[in-house]
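Spelled out, the chains give:
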Amino acid sequence: NIAGLAIGITCTILIMLWVIDETSFNKFLPKADRLYQVWINAHFDGKINSWPSVPLPTYEAMKTADSNIKRSLPTDWGYDHLLAVDETRIYKRGFYVSEEFLEMFEYPLLQGSADQVLDDPRSIVLSESTAKILFGDEDPINKIVRVDNAEELKVTGVLKDIPPNSSFQFDFLLAWKFREQVSEWVRNNTDNWGNNSFQVFLELNDPANEEAVEAGIKDMLAEHGQTDPKKDFFLHPLL
């Protein structure tokens, strides 16, 4: 009986800890209640399939779609890249993001300004632990990191390490403008409403306007010729 009770209490505690962890996601972000990802509902054979990948022109279209949308941004899906400084070479996970990213998500910066660190296409923003591995105790700002044995990028900012209860998990950020420069595929999809390969996030002025914004953007895909199958935009909150 005692063993059974102990096991039951242990399982209850573990379940409670898991629930607390799951419900704490993104709550450390100051504007988490105003941040949303654009998703698609696609109608097939009387069923609705939903996914988070959208066309790239969604990013620019959202800027003027509704006055309640304060900012929008695109990202890739996050991948491991080779970072090198002199003889130090490490694989770390990074995202390509547009310059609005740190103004929207407000991950804490230890060095650099959120409204500037991603303005230069050839910039890279490192996490604190990644900067430590690459540069030791040296100040990493304005130092050069070679990425994927191909491009040399300048360190413009250092972030506090990303906590585990964040939807985004990364060790560094690269500028979306740089991705446009080096990827013909991305440039070719700037105006392509038929390629659902990108992530787009929004910041609203007020979360109370979510339903109004969603109603306004719902038919955007159909307005740009995407009618087979029927597809609607909707907003997926980060909280």
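Quick note: structure is the one above.
Notes on the structure follow.

Quick notes on the rules
- Residues numbered from 1 in each chain as written.
- Predicted model: local features only at pLDDT ≥ 70, side-chain atom pairs only at ≥ 80, totals over all residues.
- Heavy atoms only, no water.
- Helix = DSSP H or I, 4+ residues; strand = E, 2+ residues; numbered from the N terminus.
- Core = buried A, V, L, I, M, F, W, Y, C linked by side-chain atoms within 4.5 Å.
- Buried < 20%, exposed > 50% of the residue type's maximum accessible area, 1.4 Å probe, protein only.
- Arc of directions from axis to C-beta.
- Contact = heavy atoms within 4.5 Å.
- Pairing = 2+ DSSP bridges.
- Salt bridge = Lys/Arg side-chain N within 4 Å of Asp/Glu carboxyl O.

### Describing unusual backbone geometry
For step 1, the next point in the chain: Cis peptide bonds are those with omega within 30 degrees of zero, and the linkage from D228 to P229 qualifies with 0°.
For step 2, the next point in the chain: Structurally, P229 is set in the loop between α8 (220-223) and β12 (231-237).
For step 3, the next point in the chain: Non-glycine residue D45 carries a positive phi angle of around 50°.
For step 4, the next point in the chain: Here D45 lies in the loop between β1 (35-44) and β2 (47-51).

### Some details on the nonpolar core
For step 1, the next point in the chain: Counting residues in each nonpolar core, the largest one holds 22 residues, and the members touching the most others are L83, I124, L126, L134, F135 and V145.
For step 2, the next point in the chain: Every element with two or more residues in this core is listed here: β4 (79-85), β5 (88-97), β7 (123-127), α4 (128-135), β8 (144-147), β9 (151-159), β10 (172-175) and α5 (176-182).
For step 3, the next point in the chain: If you look at the next biggest cluster of nonpolar residues, it comprises 21 residues, including F95, Y107, I162 and F170.

### Focus on α4
For step 1, the next point in the chain: Taken together, the buried positions of α4 are T130, A131, L134 and F135. All buried residues of α4 fall inside an arc of 105° around its axis, so they share one side.
For step 2, the next point in the chain: Where α4 is buried, its residues touch β4, β5, β7, β8 and β9.
For step 3, the next point in the chain: Looking one or two residues beyond α4, the residue adopting positive phi is G136, at roughly 60°.

### Comments concerning the pairing of strand β11 (residues 199-204)
If a strand is regular, its side chains alternate between the two faces of the sheet.
For step 1, the next point in the chain: Counting buried residues in β11 gives six out of six residues, a clear majority hidden from the surface.
For step 2, the next point in the chain: In β11, alternate side chains face the same way, and those of Q199, F201 and E203 on one face and V200, L202 and L204 on the other are all buried.
For step 3, the next point in the chain: Across three bridges, the pairing between β1 and β11 is antiparallel. Of the residues in β11, the one forming a bridge with L35 is E203.
For step 4, the next point in the chain: The pairing of strand β3 (residues 69-75) with β11 spans six bridges and is classified as antiparallel. When the bridges of β11 are listed, S72 appears paired with L202.

### A look at the pattern of salt bridges
For step 1, the next point in the chain: In this structure the tally under the stated criterion is 12 salt bridges.
For step 2, the next point in the chain: Here E100 ties to K63 by a salt bridge, and the two come within 3.8 Å at their closest N and O atoms. Within this pair, whereas E100 is found in the loop between β5 and α3 (101-105), its partner K63 is found in helix α2 (residues 58-63), the two being separated by 37 residues in sequence.
For step 3, the next point in the chain: The class for K63 is partly exposed, based on a relative accessible area of 36%.
For step 4, the next point in the chain: The partner of D137 in a salt bridge is K132, with the nearest N and O atoms 2.3 Å apart.
For step 5, the next point in the chain: According to the relative accessible area criterion, D137 is exposed, its value standing at 72%.

Remember, this is a structural readout, not a statement about activity or role.
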